[in-house]
Amino acid sequence: MSQEIHHHNQAPVPAASDTQDTNEFIKGLWLQNPVFAQALGMCPVLAVTNSAQNGLAMGLATMFVLIMSNILVSSLRAFIPRQVRIACYILIIATFVTAVDYIIQAINLELHKALGAFISLIVVNCLILSRAEAFASKNTVSKSFLDAAGMGTGFTIALLCLGSIREILGNGSLFGWQLFADNFENWIVMILPGGGFFVLGLWVLVFNWLQQRQENKEPPSHD
Amino acid sequence: MNDAQYVQLEPQAGRPWHMYRAMVGIGLICAFVIVSVFQFTLPIIKQNKLELLQKALYEIFPDAREFQRYQYQTEGNFVRINEDLDENIIFALYDQDKKLLGTVIRAKGMGYQDLIEMLYGYQPQLQVISGYHVLASRETPGLGTKIETDKAFQKNFAQLDVSVNASGDKLINPIEVVKPGSKTHPWQIDTITGATISSRAVGNMVTDSAAQWIPKITTRLEDFEP
């Protein structure tokens, strides 16, 4: 968040604008990854990542809602008074969640059943409301789009990472394709809620280790 | 955009008119988006639901080529309908010569975690339940989900006896749900070790539903003639 405010306070520099735009996208993938760095939206992260397909679908659905609500909030930011902003953001988010619910039903009913109530619960995913409040309400449409696309992609990658590992270990398959011979004993705990916590913990460990390694490699700042 | 521009763009806070304008305006935009998406996706969703239902029905009666929906009336007869109304609906399945193969009945009941919704087939000529398909369940993966995959459990429903008594008002032998491996009669259902609650839930659902529907269907078979 402090990084974003820092951006606003700087005078616009046309030459650096492209780099800033790229940063808006990249930050969601790595430095401010919603799951591994910010620990946001833990409910769907743990509940629906029992298969790679479910993880990918939930990630894409959340990304769609995030992008559309960021675009609309940013477009209408001049017309939304402070007192009613949260109500307006929730209304906008709920609209796109309803839309995504119908769209998933139209694409694949079985997938819709597998995701169950968690599609409707995207409304209360704090990632989406936090991006509307902290970023889209203060930035241009293009920047808000890039921010949402970056955060959404980071969220989707995280869900896919969890879903893949849990499906491989818990079901011996990936996207429904059997990877092992029949004598492979499925590690059922991995597709149960407990397995979600184990795998999330391992991914956070790997993520932090990689980040630490990268920081150690970077030359010291001379500021 | 910097902060200075943002402050200029924001309307004066505190004026009720601005708040009404924002809320009503956004409400209208949202209503338009929802209605548009709903109108666009509705025919596709209906088609998907029909395909899923057909797949389930033809899995229970593989020789079937068409099906019709019938609704139970308070007068005690069944009437053909076109719309899937969810309640009191019986599906009648026919082969290519339009001969009645059997009926498929919906059953719902509480499983280990959530409602289980299923379809099961009934062959009136033999007075047996033959086959089932789980439409919706959120049972524990690898344990409760055995109700869909366990071959021994599925075998219970291959020829489950539901003979109706002479007066046609109840089953001669009500279905019984028994412990794993203790089935001795053709009207009993063996539960699954490791998925006792889920398999017992399925057994109880079929028991209650069969007691309600099978005597009615058997005594009104002429209603299902094509």
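Per-chain numbering applies: the sequence of each chain, read as written, is numbered from 1 onward. To label them, take the chains in the order written and letter them from A, then take the ligands in the order written and number them from 1. Given that this is a predicted model, residues contribute local features only at a pLDDT of at least 70 and side-chain atom pairs are listed and counted only at 80 or more, while totals for whole chains, interfaces and linings are drawn from all residues. Where side-chain values are given, they derive from all heavy atoms of the structure, hydrogens and water being excluded.

Colleague: I keep staring at the pattern of salt bridges and nothing clicks. Help me out?
Modeller: For side chains bearing opposite charge, pairing can occur when the charged atoms are close. Put simply, a salt bridge is a Lys or Arg side-chain nitrogen that is within 4 Å of an Asp or Glu carboxyl oxygen. In the structure shown here, the tally under the stated rule is eight salt bridges over all chains. A:E24 serves as the salt-bridge partner of A:K27, at 2.7 Å between the closest nitrogen and oxygen. Of this pair, A:K27 and A:E24 both sit in helix 2 (residues 17-29), separated by three residues, roughly a single helical turn. B:K98 serves as the salt-bridge partner of B:E66, at 2.6 Å between the closest nitrogen and oxygen. The helix count covers DSSP runs of H or I at least four residues long, the strand count covers runs of E at least two residues long, and both are numbered beginning at the N terminus.

Colleague: Would you mind showing me how to read the confidence of the model for chain B here?
Modeller: A low pLDDT means the predicted coordinates there should not be read in detail. Residues and elements named next belong to chain B. Put simply, chain B has an average pLDDT of 87, and 92% of its residues get 70 or more. The pLDDT score gives, residue by residue, the confidence of the prediction method on a 0 to 100 scale. Residue contacts are counted whenever heavy atoms from the two residues lie within 4.5 Å of one another. Taken together, the stretch residues 1-8 has pLDDT below 50 and engages in 13 contacts with residues farther than four places along the chain or on a different chain. Both scores are available for the predicted complex, with the pTM at 0.79 and the ipTM at 0.81.

Colleague: Can you walk me through the packing of aromatic side chains in this structure?
Modeller: The description of two aromatic rings rests on the distance between their centres and on the angle between their planes. Residues and elements named next belong to chain A. In this scheme Phe, Tyr and Trp rings, the latter by its six-membered ring, pair at centre separations within 6.5 Å, and the angle between planes marks the pair as stacked below 30 degrees, edge-to-face above 60, and tilted otherwise. By the definition in use, this model includes 16 aromatic pairs over all chains. Ring geometry for F36 against W203: centres 6.2 Å apart, planes inclined by 25°, an arrangement best described as stacked. With F36 in the loop between helix 2 and helix 3 (42-47) and W203 in helix 9 (residues 193-217), the pair connects residues that are 167 residues apart, well separated along the chain. Partly exposed describes any residue whose relative accessible area lies between the buried limit of under 20% and the exposed limit of over 50%, with all areas from a 1.4 Å probe on protein chains only and scaled to the type maximum. Residue classification places F36 among the buried positions, given a relative accessible area of 9%. Ring centres of F64 and F96 lie 6.5 Å apart, and the angle between their planes is 80°; this geometry places the pair in the edge-to-face category. A residue pair is termed long-range when its members are at least 10 positions apart, and F64 in helix 4 (residues 52-75) and F96 in helix 5 (residues 85-107) qualify at 32 residues.

Colleague: Would you mind going over the interface of chain B and chain A with me for this structure?
Modeller: One widely used convention gives an interface's size as the accessible area the parts lose upon coming together. Listed by partner, the interface residues are 34 residues for chain B and 38 residues for chain A. As used here, buried area is the combined drop in accessible area, with a 1.4 Å probe, of two parts when they are placed together. For the pair chain B and chain A, the two sides together bury roughly 3300 Å², of which 69% comes from carbon and sulfur. A salt bridge links B:K55 to A:E110, with the nearest nitrogen and oxygen atoms 3.6 Å apart. In the analysis that follows, any N or O atom pair within 3.5 Å is treated as a polar contact, provided that within protein one partner can donate a hydrogen and the other can accept it, and provided that, for residues neighboring in sequence, both atoms belong to side chains. The interface formed by chain B and chain A contains three residue pairs in polar contact (both at pLDDT 80 or more). For the side of chain B that touches chain A, the secondary structure elements donating two or more residues are helix 1 (3-9) and helix 2 (16-60) of chain B. No other element matches helix 2 of chain B, which puts 20 residues into the side of chain B that touches chain A. Of the residues that constitute the side of chain B that touches chain A, the class distribution is 20 nonpolar, eight polar and six charged. We call Asp, Glu, Lys and Arg charged. Ala, Val, Leu, Ile, Met, Phe, Trp, Tyr, Cys and Pro are nonpolar, and the rest, Gly among them, are polar.

Colleague: Which parts of the structure should I look at to understand a nonpolar patch on the surface?
Modeller: Two distance rules govern patches: like charges are joined within 9 Å, and nonpolar side chains (Val, Leu, Ile, Met, Phe, Trp, Tyr) within 5 Å, applied only to residues with over 30% relative accessible area and no salt bridge. The method behind every accessible area is Shrake-Rupley, applied with a 1.4 Å probe, and residues are considered shielded solely by the protein chains displayed. Residues A:W187, A:V189 and A:F198 make up a contiguous nonpolar surface patch of about 320 Å² in total accessible area. Considering the arrangement of structural elements, one finds A:W187 in the loop between strand 2 (177-178) and helix 9.

Colleague: Honestly, helix 4 of chain A in this entry has me stumped. Any pointers?
Modeller: One turn of the α-helix equals 3.6 residues, which is why residues spaced by three or four share an orientation. Each residue after the first adds 1.5 Å to the expected span of a helix. Spanning 24 residues, helix 4 of chain A covers 34 Å between terminal C-alpha atoms, matching the ideal 34 Å at 1.5 Å per step. By the criterion of burial, helix 4 of chain A is predominantly enclosed, with 17 of the 24 residues buried.

Colleague: Is there a simple way to think about the pairing of strand 2 (residues 78-81) of chain B in this case?
Modeller: Residues in a regular strand project their side chains so that they alternate between the two faces of the sheet. Residue and element names in this part refer to chain B. The criterion for strand pairing is that DSSP finds at least two bridges linking the strands in question. With four bridges connecting them, strand 1 (residues 66-72) and strand 2 associate as antiparallel partners. From the neighbouring strand, R69 faces strand 2, where its bridge partner is I81. Joining the antiparallel neighbours strand 1 and strand 2 is a turn of five residues, in which G76 adopts a positive phi near 100°.

Colleague: Which parts of the structure should I look at to understand the packing of helix 8 (residues 141-171) of chain A against helix 9 of chain A?
Modeller: Packed helices, taken two at a time, are described by the angle between their axes plus the distance between the axes. All names here are of chain A. Between helix 8 and helix 9, whose axes approach to 10 Å, the crossing angle comes to 125°. In terms of axis orientation, helix 8 runs oblique to helix 9. Classified by chirality, the crossing of helix 9 by helix 8 is right-handed. Residues C161, L162, I165 and R166 of helix 8 touch helix 9, and the partners they reach there are P193, G195, G196, V199, L200 and W203. The class makeup of the residues in the contact of helix 8 with helix 9 is seven nonpolar, two polar and one charged. Every axis corresponds to a line fitted to the C-alpha atoms, with the helix fit spanning only the stretch in contact, and the corresponding angles, defined between N-to-C directions, vary from 0 to 180 degrees. Here the word oblique covers every angle except those under 35 degrees (roughly parallel), over 145 (roughly antiparallel) and from 65 to 115 (roughly perpendicular). We call a crossing left-handed when the near helix sits turned anticlockwise from the far one by less than a right angle, and right-handed when that turn is clockwise.

Colleague: What should I look at first to understand the domain arrangement of chain B in this one?
Modeller: As far as domains go, chain B holds domain 1 (2-44) and domain 2 (63-224). Residue ranges for the domains originate in an automatic or database domain assignment. Taken over C-alpha atoms, the centre of domain 1 of chain B sits 50 Å from the centre of domain 2 of chain B.

Colleague: Sorry if this is basic, but what is going on with the nonpolar core here?
Modeller: A general tendency of soluble globular proteins is for nonpolar side chains to be buried together. Throughout this description, the term nonpolar core refers to a set of buried Ala, Val, Leu, Ile, Met, Phe, Trp, Tyr and Cys residues connected via side-chain atoms within 4.5 Å. Membership of the largest hydrophobic core comes to 52 residues, with the highest contact counts inside it found for A:V35, A:F36, A:V65, A:L115 and A:I122. Broken down by secondary-structure element, the contributors of at least two residues to this core are helix 3, helix 4, helix 5, helix 6 (109-115), helix 7 (126-134), helix 8 and helix 9 of chain A together with helix 2 of chain B. Considering every element that reaches this core, the biggest residue donor is helix 4 of chain A, with nine residues. In contact with A:I122, other than residues within four places in its own chain, are A:M58, A:A61, A:T62, A:V65, A:V97, A:V100 and A:I128. The next biggest cluster of nonpolar side chains, apart from the first, holds 35 residues, and it includes B:A92, B:I116, B:I175 and B:M205.

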